[in-house]
There are 2 protein chains.
Amino acid sequence: MTLNPADDRLAARLPQGVLREVTSAYTEEARGLFTGQAGLVAAPRDSGEVAAILRVCAEAQVPIVPRGGGTGLVGGQVMPEGPAPLILSLERMNAIREIYPDENVILAEAGATVQQARDAAAGAGRQFPLSLASQGTAQIGGVLSTNAGGVNVLRYGNARALCLGIEAVLPSGEIMRDLKRLRKDNTGYDLRDLLIGAEGTLGIITAASLVMAPVPAESGVAMLVVESPDAALRLLSIAQARMAGGVSAFELISGVGLDFLQEHFPNLRQPFASRPKWVVLIEVGLPAGLVADEALEGLFMAGSEAGLVSDGVIAQSGQQAAELWNIREDIPHANRAVGAIASHDISLPLSEIAGFIRDAGAMLADRGDMRINCFGHLGDGNLHYNLFPAAGRTRAEYADIRSGLSFAVHEMVLARGGSFSAEHGVGRLKVADLERWGDPVRLAAMRAIKQALDPHGIMNPGAVLSCASR
Amino acid sequence: MTLNPADDRLAARLPQGVLREVTSAYTEEARGLFTGQAGLVAAPRDSGEVAAILRVCAEAQVPIVPRGGGTGLVGGQVMPEGPAPLILSLERMNAIREIYPDENVILAEAGATVQQARDAAAGAGRQFPLSLASQGTAQIGGVLSTNAGGVNVLRYGNARALCLGIEAVLPSGEIMRDLKRLRKDNTGYDLRDLLIGAEGTLGIITAASLVMAPVPAESGVAMLVVESPDAALRLLSIAQARMAGGVSAFELISGVGLDFLQEHFPNLRQPFASRPKWVVLIEVGLPAGLVADEALEGLFMAGSEAGLVSDGVIAQSGQQAAELWNIREDIPHANRAVGAIASHDISLPLSEIAGFIRDAGAMLADRGDMRINCFGHLGDGNLHYNLFPAAGRTRAEYADIRSGLSFAVHEMVLARGGSFSAEHGVGRLKVADLERWGDPVRLAAMRAIKQALDPHGIMNPGAVLSCASR
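Analysis parameters
- Sequence order sets the numbering: in each chain, residues are counted from 1 along the sequence as written.
- Whichever chain is written first becomes A and whichever ligand is written first becomes 1, with later ones labelled in order.
- Restriction of local features to residues with pLDDT of at least 70 applies here, the model being predicted, together with a cutoff of 80 or more for giving and counting side-chain atom pairs; totals for whole chains, interfaces and linings are based on all residues.
- Side-chain calculation: all heavy atoms of the structure are included, whereas hydrogens and water are not.
- Secondary structure counts use DSSP, requiring at least four H or I residues in a row for a helix and at least two E residues in a row for a strand, with both numbered from the N terminus.
- Here the radius of gyration uses the C-alpha set of atoms, whereas the globule reference equals 2.2 Å times the residue count to the power 0.38.
- With a 1.4 Å probe rolled over the protein chains alone, any residue whose accessible area is under 20% of its type maximum counts as buried; one over 50% counts as exposed, and the rest are partly exposed.
- Residue burial considers only the protein chains on display, and all accessible areas are found by Shrake-Rupley using a 1.4 Å probe.
- A residue counts as positive if it is Lys or Arg and as negative if it is Asp or Glu; His and the chain ends are not included.
- Each charge is placed at NZ for Lys, CZ for Arg, CG for Asp and CD for Glu.
- UniProt positions are given in the numbering used here, feature names are shortened, and annotations may be inferred rather than shown by experiment.
- In superposing the copies, a least-squares fit is computed on C-alpha atoms, taking residues whose pLDDT is at least 70 in both.
- By definition, residues are in contact when any of their heavy atoms lie within 4.5 Å.
- Whether two strands pair comes down to DSSP finding at least two bridges between them.
- Angles shown run from 0 to 180 degrees and are taken between the N-to-C directions of axes, each axis being a line fitted to C-alpha atoms and, for helices, limited to the stretch in contact.
- Annotation comment: domain bounds sourced from an automatic or database domain assignment.
- By convention in these notes, a salt bridge is any Lys or Arg side-chain nitrogen within 4 Å of a carboxyl oxygen on Asp or Glu.
- A 1.4 Å probe defines the accessible area here, and the buried area is the portion of it lost by two parts on being joined, summed over both.
- Whenever a nitrogen or oxygen atom comes within 3.5 Å of another N or O atom, the pair is scored as a polar contact, on the condition that within protein one atom can donate a hydrogen and the other can accept it, and that pairs from neighbouring residues in sequence are kept only if both atoms are in side chains.
- Classification used: nonpolar for Ala, Val, Leu, Ile, Met, Phe, Trp, Tyr, Cys and Pro, charged for Asp, Glu, Lys and Arg, polar for all others including Gly.
- When the centres of two rings from Phe, Tyr and Trp lie within 6.5 Å, Trp using its six-membered ring, the rings pair. Their planes under 30 degrees apart give stacked, over 60 give edge-to-face, and anything left gives tilted.
- Only when the NZ of Lys or the CZ of Arg is both within 6 Å of the ring centre and within 35 degrees of the ring normal is a charge said to sit over the ring.
- Put simply, angles under 35 degrees are roughly parallel, angles over 145 are roughly antiparallel, angles from 65 to 115 are roughly perpendicular, and the rest are oblique.
- By convention the crossing between two helices is left-handed if the near helix lies anticlockwise of the far one by an angle smaller than a right angle, and right-handed if it lies clockwise.
- For our purposes a nonpolar core is just a set of buried Ala, Val, Leu, Ile, Met, Phe, Trp, Tyr and Cys residues, chained together by side-chain atoms within 4.5 Å.
- Criterion for a disulfide: a pair of cysteine sulfur atoms within 2.5 Å.
- Every helix has an expected span of 1.5 Å times one less than the residues it contains.

S.K.: Describe in detail the overall build of chain A, supporting the description with residues and values.
M.R.: The helix and strand inventory of chain A stands at 14 helices and 18 strands. Relative to the globule expectation of 23 Å for 470 residues, the C-alpha radius of gyration of chain A, 23 Å, shows essentially globular dimensions. A principal-axis box enclosing the C-alpha atoms of chain A has dimensions of 70 × 55 × 45 Å. For chain A, buried positions account for 61% of its 470 residues. Carbon and sulfur atoms form 48% of the exposed surface of chain A, whose accessible area is close to 16,700 Å². Both charge centroids of chain A, one from 40 positive and one from 51 negative side chains, sit 3 Å from each other.

S.K.: Lay out the UniProt feature "domain: FAD-binding PCMH-type" (unreviewed entry) in chain A in plain terms, naming residues and giving numbers.
M.R.: Listed under "domain: FAD-binding PCMH-type" (unreviewed entry) in the UniProt record, and renumbered for this structure, are residues 34-215 of chain A. Between the first and last C-alpha atoms of residues 34-215 of chain A the distance is 40 Å; the span itself is 21% helix and 24% strand.

S.K.: So, the relation of the copies chain B and chain A: which residues are in play, and what are the values?
M.R.: Expressed as a screw operation, the relation of chain B to chain A combines 0.0 Å of axial shift with a rotation of 180°, fitting to an RMSD of 0.0 Å. Taken together, the rotation and translation describe the operation of a two-fold axis. The residues that chain B uses at the interface reappear at the interface of chain A in 100% of cases, marking a shared surface.

S.K.: Before we move on, can you summarise the environment of Leu191(A) with the specific residues and values?
M.R.: Tracing the chain through its elements places Leu191(A) in helix 6 (residues 191-195). For Leu191(A), a relative accessible area of 3% puts it in the buried group. Along the chain, Leu191(A) and Ile166(A) lie 25 residues apart, while their C-alpha atoms are 9.2 Å from each other. Once residues within four sequence positions are removed from consideration, Leu191(A) is found in contact with Met176(A), Arg442(B), Ala445(B), Met446(B) and Ile449(B).

S.K.: An account of the sheet that holds strand 10 (residues 204-211) of chain B is needed here, citing residue identities and associated values.
M.R.: Residues and elements named next belong to chain B. Reading across the sheet, the five strands line up as 5-6-10-8-9 and stay open at both edges, with antiparallel pairing between neighbours. Both edges of this open sheet fall to strand 5 (96-100) and strand 9 (175-178), since each of them pairs with a single strand only. Direction aside, neighbouring strands of the sheet carry axes that sit 15° apart on average. Note that strand 6 (residues 105-109) and strand 10 share five bridges and pair antiparallel. In the strand pairing of strand 10, Ala 108 is matched with Ala 208. Helix 3 (residues 114-123) contacts strand 5 and strand 6 of the sheet and is inclined by roughly 35° relative to strand 5.

S.K.: Talk me through the domain arrangement of chain A; I want residue IDs and the actual numbers.
M.R.: As far as domains go, chain A holds domain 1 (8-91), domain 2 (96-214) and domain 3 (218-415). When each unit is reduced to the centre of its C-alpha atoms, the spacing between domain 1 of chain A and domain 3 of chain A is 38 Å.

S.K.: Give me the pattern of salt bridges: which residues, what numbers.
M.R.: If you walk through the whole model with that rule in mind, you get 54 salt bridges over all chains. Notably, a salt bridge pairs Arg97(A) with Glu109(A), separated by 3.1 Å at the nearest N-O pair. Here Arg97(A) is found in strand 5 (residues 96-100), whereas its partner Glu109(A) is found in strand 6 (residues 105-109), with 12 residues between them in sequence. Accessibility expressed as a relative area gives 32% for Arg97(A), which makes it partly exposed. Several salt bridges share partner residues, and in doing so they unite Arg160(A), Arg192(A), Asp193(A) and Asp190(B) into one network.

S.K.: Could you give an account of the interface of chain B and chain A, with specific residues and numbers?
M.R.: Taken together, the contacts link 83 residues of chain B with 84 residues of chain A. Around 6,400 Å² of area is buried between chain B and chain A when both sides are counted, 59% of it from carbon and sulfur atoms. The three residues of chain B that bury the most area against chain A are Lys184(B), Asn186(B) and Tyr189(B), which together make up 16% of that side's buried surface. Put simply, chain B and chain A have eight salt bridges between them. Between Lys184(B) and Glu423(A) there is a salt bridge, with its nearest N and O atoms 2.9 Å apart. Counting across the interface, chain B meets chain A through 38 residue pairs in polar contact (both at pLDDT 80 or more). Listed by contribution, the elements that provide at least two residues to the side of chain B that touches chain A are helix 5 (153-156), strand 9, helix 6 (191-195), helix 7 (229-243), strand 14 (278-286) and helix 14 (440-453) of chain B. It is helix 14 of chain B that provides the largest number of residues to the side of chain B that touches chain A, a total of nine residues. Its residues assigned to classes, the side of chain B that touches chain A comprises 37 nonpolar, 25 polar and 21 charged.

S.K.: Kindly report on the packing of aromatic side chains, identifying the contributing residues and their values.
M.R.: Inspection of every chain in the model, using the stated rule, returns eight aromatic pairs over all chains. With a centroid separation of 5.4 Å and 35° between ring planes, the pair formed by Phe407(A) and Trp437(A) is classed as tilted. In this pair, Phe407(A) is assigned in helix 12 (residues 402-415) and Trp437(A) in helix 13 (residues 431-437), connecting sequence segments 30 residues apart. Here the aromatic residues Phe407(A), Phe420(A) and Trp437(A) are joined through ring pairs into a cluster of three or more. The positively charged end of Arg181(A) is found above the aromatic ring belonging to Tyr100(A), 3.8 Å away from the centroid. Over the ring of Trp437(B) we find Arg436(B), and its NZ or CZ is 5.0 Å from the ring centre.

S.K.: Quick rundown of the sheet that holds strand 3 (residues 64-67) of chain B? Include the residues and the values.
M.R.: All names here are of chain B. Strand order in the open sheet made by the four strands is 1-2-4-3, with mixed pairing throughout. The sheet terminates laterally at strand 1 (19-20) and strand 3, the two strands that pair on one side only. Taken together, the two bridges between strand 1 and strand 2 (residues 40-42) define a ladder with antiparallel strand orientation. Within the sheet, the bridge partner assigned to Arg 20 lies in strand 2 and is Val 41.

S.K.: Describe the packing of helix 11 (residues 353-367) of chain B against helix 12 (residues 402-415) of chain B, and please don't skip the residues or the numbers.
M.R.: The description of two packed helices rests on the angle between their axes and on the distance between the axes. Residue and element names in this part refer to chain B. Taken N-terminus to C-terminus, the directions of helix 11 and helix 12 make an angle of 155°; their axes are 10 Å apart at the nearest point. The angle between the axes of helix 11 and helix 12 places the two elements in the roughly antiparallel class. Read as a crossing pair, helix 11 and helix 12 show a hand that is right-handed. Listed contacts from helix 12 to Phe 356, Asp 359, Ala 360, Met 363, Leu 364 and Arg 367 of helix 11 are Gly 404, Leu 405, Ala 408, Val 409, Met 412 and Val 413.

S.K.: Explain the nonpolar core to me, using residue names and the numbers behind them.
M.R.: Ranked by internal contacts, the top residues of the largest apolar core, which has 106 residues, are Ile140(A) and Ile140(B). Contacts of Ile140(A), omitting those with residues within four sequence positions, involve Ala108(A), Glu109(A), Ala110(A), Ala112(A), Thr113(A), Val114(A), Ala117(A), Phe128(A), Ala208(A) and Leu210(A).

S.K.: Can you break down unusual backbone geometry residue by residue, with the values?
M.R.: All names here are of chain A. Residue Glu 199 is not a glycine yet carries a positive backbone phi of 55°. For Ala 244, which is not glycine, the phi dihedral falls at a positive 50°. Positionally, Ala 244 belongs in the loop between helix 7 (229-243) and strand 13 (247-254).

S.K.: An account of the state of the cysteines is requested, with residue identities and associated values reported.
M.R.: With the rule as written, the count across this model stands at zero disulfides over all chains. Here Cys467(A) stays unpaired: no disulfide links it, and the sulfur of Cys57(A), its closest cysteine neighbor, is 15 Å away.

S.K.: With reference to specific residues and values, describe the environment of Gly355(A).
M.R.: All names here are of chain A. Its place among the elements puts Gly 355 in helix 11 (residues 353-367). According to the relative accessible area criterion, Gly 355 is buried, its value standing at 10%. Distance in space between the C-alpha atoms of Gly 355 and Arg 416 is 9.1 Å, their sequence separation being 61 residues.

S.K.: Can you break down the packing of helix 8 (residues 255-264) of chain B against helix 10 (residues 318-338) of chain B residue by residue, with the values?
M.R.: Residue and element names in this part refer to chain B. Taken N-terminus to C-terminus, the directions of helix 8 and helix 10 make an angle of 70°; their axes are 9 Å apart at the nearest point. Judged by the angle between their axes, helix 8 and helix 10 are roughly perpendicular. Between helix 8 and helix 10, the residues in contact are Gly 257, Leu 258, Phe 260, Leu 261 and His 264 and Ile 327, Asp 330, Ile 331, Ala 334, Asn 335, Ala 337 and Val 338, respectively. Class assignment for the residues of the contact of helix 8 with helix 10 results in eight nonpolar, three polar and one charged.

S.K.: Lay out helix 11 of chain B in plain terms, naming residues and giving numbers.
M.R.: All names here are of chain B. Over its 15 residues, helix 11 runs 21 Å from end to end, which matches the ideal 21 Å to within 8%, given 1.5 Å per residue. Among all positions in helix 11, only Ile 353, Gly 355, Phe 356, Ile 357, Ala 360, Met 363 and Leu 364 are buried. Turning to helix 11, the residues buried within the fold contact helix 7, strand 14, strand 16 (345-347), strand 17 (370-377), strand 18 (382-389) and helix 12.

S.K.: Tell me about helix 2 (residues 47-60) of chain A, residues and numbers included.
M.R.: Residue and element names in this part refer to chain A. Between the first and last C-alpha of helix 2 there are 20 Å, a value that for 14 residues agrees with the 20 Å anticipated at 1.5 Å per step. With 11 of its 14 residues buried, helix 2 lies for the most part within the structure. Taken together, the buried positions of helix 2 are occupied by Ser 47, Glu 49, Val 50, Ala 51, Ala 52, Ile 53, Leu 54, Val 56, Cys 57, Ala 58 and Ala 60. Once helix 2 ends, the next one or two residues include Gln 61, with phi positive near 55°.

Right, dumping it as structure tokens:
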């Protein structure tokens, strides 16, 4: 029987007390590109209630949109088209269930925020190393479902690498209990990694056992001026050879980004008197017996001798370190203030980055007068390659060429073996891109798996895979 | 049309020149528990030929057993029952296709040995960190298909964590091209990790892009005497806090293992005059600016002060380090010489290990007079928990209680949240175990995926999932 969420018979079948008021908070997404339909909002209290909701929706053929913190950037958390959905919010399943300092493991429910997990780990003298700008709002279920990245991927891996086990409700309405705290478990297909990054289209992650890491005995932060992205990459190589895995973050910032900060955050103190073309922000975490400042100084010297580094500042206190990080973290805010024509969350093989930045810059210069703010997680090969109007011009003036620009950028990325979605996922924004550029055999296998696990197509329909293509 | 491999019509359809003589090398497995059927042996030269073979076999409904180095320990590489198979050996696809030192990436074909990849990385001033006793024979396709572990998982992860992308032939006979060299790529379902660890039941991995790591500036090896597994774990915790991720290996060795070595390798020099109850072998790789020996000495002191370490030796040369490692690596050989009643490749949450070793020892003492050699990758929670006849007795005397012992050991492992297969996989040996102890919802999802990707059931039938249960 097909029911509409507006039909009281649907609500009557749901577990008691799960329904929430439908507000715009549940139908908006971070970039304002999509507006979700308002069906019902259900906020279950445990995985049993999640399972009951899925069973009801499967029977009534009501689509389900899972919702975490809602910070995703590709529209995976809203359903603007098709039949009105039930929005399944994990907000009430927000417990840190257990913490095992001796195992470096933390068990969190899907609705706990990343910050909650970080705080719980810190309380136990450990760290939960997933760190991203939205961590105060982003939820564990969301960062797993999108395999989120952030600034510490270089050292600790993305969300997938930080997850040992999951509890999940499959589209059948059954609970898969695989919440193990094991580093090694070779007992069949890796369904954990299949659900991670599936953006809620294959099931609902309800809890996870997550990896904590020891807090390094010594840590430090520096911002170094480099001549080019190529110099930055050679500096990274030197850093990794010297630090034996001790490089926790290696972020690229362009002079354009520093200009944007200057323009929109004039009170933010910038460390260099004359505006550099490129800087890198490096954080290291080192063993006992080393002094982080000295290690960073040694890197600065080695980089200078190699002709890679022309200036630099090493944080002398926790506050200075935070100030350097603020420069990096405020760039997305400055970007929003300027207003991008187009944003690209791309990744490239490391040895293709310098050539891409050179060629893409030349290609775009031919297409119009604009500013490029290229920044991001250089150590992972992940750039946020964003295009902005030339000074004095508006986004609207670029509306006609916008999609052509993105297409051309992505084509160049793909020609160099890169990806059109490094850390944000596919959501609804990039479904057509995946269909265009994804390997067709891989896509066919994805569709076969979707059909096998979610034969009624109720799980976040239209995300990752288009409904029509199944 | 169903064809028998003996039928000339099948051979006539295969790509020219792929057939090899059927020898016992293709029908044996490392432990001698299974003997495979001899159908045909095909050794394709490229992924196009692999695809052609799969298409022919799908049409003729001939099962395929993929074969790498044949070093697997659970019978995944032989098909003792059912229709005679085509054995697909990757031995001719053994090229290191490309090496990218600046990216820390190496592209290897499935038939290249682990040692080849290690040598190629070393030649480029890097390391390929997968390290296991069988690395001279084990092939890249095999270690990925089984998600192999080894001694460096603690620092660098298992085979899955070392793979960025794969080229694979799916059961449909189509080539999935996903050989990316990217640290981040969130464009759809994680089919790479699904094929990794699927033991050839969902397709054939034909090539992979693999992660290399910088060689640490400083490295060192020590063997320390500890009173108990619990003391060993507390020492690990101290080591990790001091070394900031610099612990590359942390292996547990029992006094029983040292006795076995003494008995069967009397020429192997053991470092301690009186036989310890337990020792740990620790390897560290550290940043420039530290001296590994001093760091290990510092750990020894800290461990002594905490009452955890009573004696120890720190290797003073590369040769001494190799000698200490030989002690660890020769234990499996000594075990074979003694002849095990039963072997268990188990993993446990770290905080459950000490309790398990205590309780399992007590339980087994009640069941008969035997020797327990418990050793392995303690840092990963992965123990090889092997049972041997009491001195002067033979395996045959334990034949009646053998399976009961294993069942009881596994039950205790599972009750503590552990796994009955940490790094060896399921193969054919542990299919019944997976059916008994695996989460039924997870198993059902595995079967649905198997059915979706391999509807004819030709890919390594009987491995991981029983044929009957699909």
